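A look at the structure
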Amino acid sequence: MADFKKLHVWQKAHALALRVYRVASRIEGSQNAALRNQMTRAAQSIPANIVEGRSHSSEREFRRFLGYSVHSASELEHHLLTARDLDLIPRDEYDALDAGLVEVRKMLHGLCARLDLALR
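I will try to describe carefully the structure that is included in this document. All values derive from a computational prediction rather than experimental measurement.

**Describing the overall build of the chain**
Regarding its fold elements, the chain presents four helices and zero strands. Ordered by position from N to C terminus, the α and β elements of the chain give α-α-α-α. Taken over the C-alpha trace, the chain has a radius of gyration of 15 Å; the compact-globule value for 120 residues is 14 Å, and the two agree within 12%. Dimensions along the principal axes, computed over C-alpha positions, put the chain at roughly 50 × 20 × 20 Å. Residue burial in the chain is summarised as follows: out of 120 residues, 38% are buried. For the chain, restricting intrachain contacts to residue pairs at least 6 apart in sequence, the fraction spanning at least 24 positions comes to 73%. Carbon and sulfur atoms make up 52% of the accessible area of the chain, which amounts to about 6800 Å² in all.

So, in structure tokens, the structure goes:
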């Protein structure tokens, strides 16, 4: 398998995870610790699953792990909405994170579709 760092989807997902980590680290209060943790875990899971899937020797396994990344993206979407609705993150930061998440999700779906065609 090729180097995962060359995949544009991984690059975007990694950058998104770093941005989520920085935003989440500014959320204050012990009552918000679980949300901060879930936000960062879901965000980190997106590129981590791309890496893990890429390390497998088959395209089928890679496709399976891309599916996990899509699921983590959906989970992150929920956590970001929760943080926005609780006024824990500013609207402009939410909008930027959401735009990045939409882009990553589209890229993941596109790569999944290409692999699905190749696996037929």
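Once you've had a look at it, read on.
**Regarding the pattern of salt bridges**
Per the counting criterion, the structure on display carries seven salt bridges. Across the salt bridge formed by glutamate 103 and lysine 12, the nearest N and O atoms sit 3.4 Å from each other. Within this pair, whereas glutamate 103 is found in helix α4 (residues 91-119), its partner lysine 12 is found in helix α1 (residues 8-25), the two being separated by 91 residues in sequence. Here arginine 63 and aspartate 116 are joined by a salt bridge, their closest N and O atoms 2.8 Å apart. A residue pair is termed long-range when its members are at least 10 positions apart, and arginine 63 in helix α3 (residues 59-85) and aspartate 116 in helix α4 qualify at 53 residues. According to the relative accessible area criterion, arginine 63 is partly exposed, its value standing at 24%. Its relative accessible area of 30% is what places aspartate 116 among the partly exposed residues.

**Side note on the packing of helix α2 (residues 33-54) against α3**
With their axes 8 Å apart at the nearest point, α2 and α3 run at an angle of 165° to one another. By the criterion of interaxial angle, the relationship of α2 to α3 is roughly antiparallel. The chirality of how α2 crosses α3 is left-handed. Taken together, the residues that form the contact of α2 with α3 break down as 14 nonpolar, eight polar and four charged.

Conventions we followed
- Residues numbered from 1 in each chain as written.
- Predicted model: local features only at pLDDT ≥ 70, side-chain atom pairs only at ≥ 80, totals over all residues.
- Heavy atoms only, no water.
- Helix = DSSP H or I, 4+ residues; strand = E, 2+ residues; numbered from the N terminus.
- Rg over C-alpha atoms; globule rule 2.2 N^0.38 Å.
- Buried < 20%, exposed > 50% of the residue type's maximum accessible area, 1.4 Å probe, protein only.
- Contact = heavy atoms within 4.5 Å.
- Areas by Shrake-Rupley, 256 points an atom, 1.4 Å probe, with all protein chains shown as cover.
- Salt bridge = Lys/Arg side-chain N within 4 Å of Asp/Glu carboxyl O.
- Axes fitted to C-alpha atoms, helices over the stretch in contact; angles between N-to-C directions.
- Parallel < 35°, antiparallel > 145°, perpendicular 65-115°, else oblique.
- Left-handed = near helix turned anticlockwise from the far one by under 90°.
- Nonpolar A, V, L, I, M, F, W, Y, C, P; charged D, E, K, R; others polar.

Any functional reading would require information that these geometric values do not contain.
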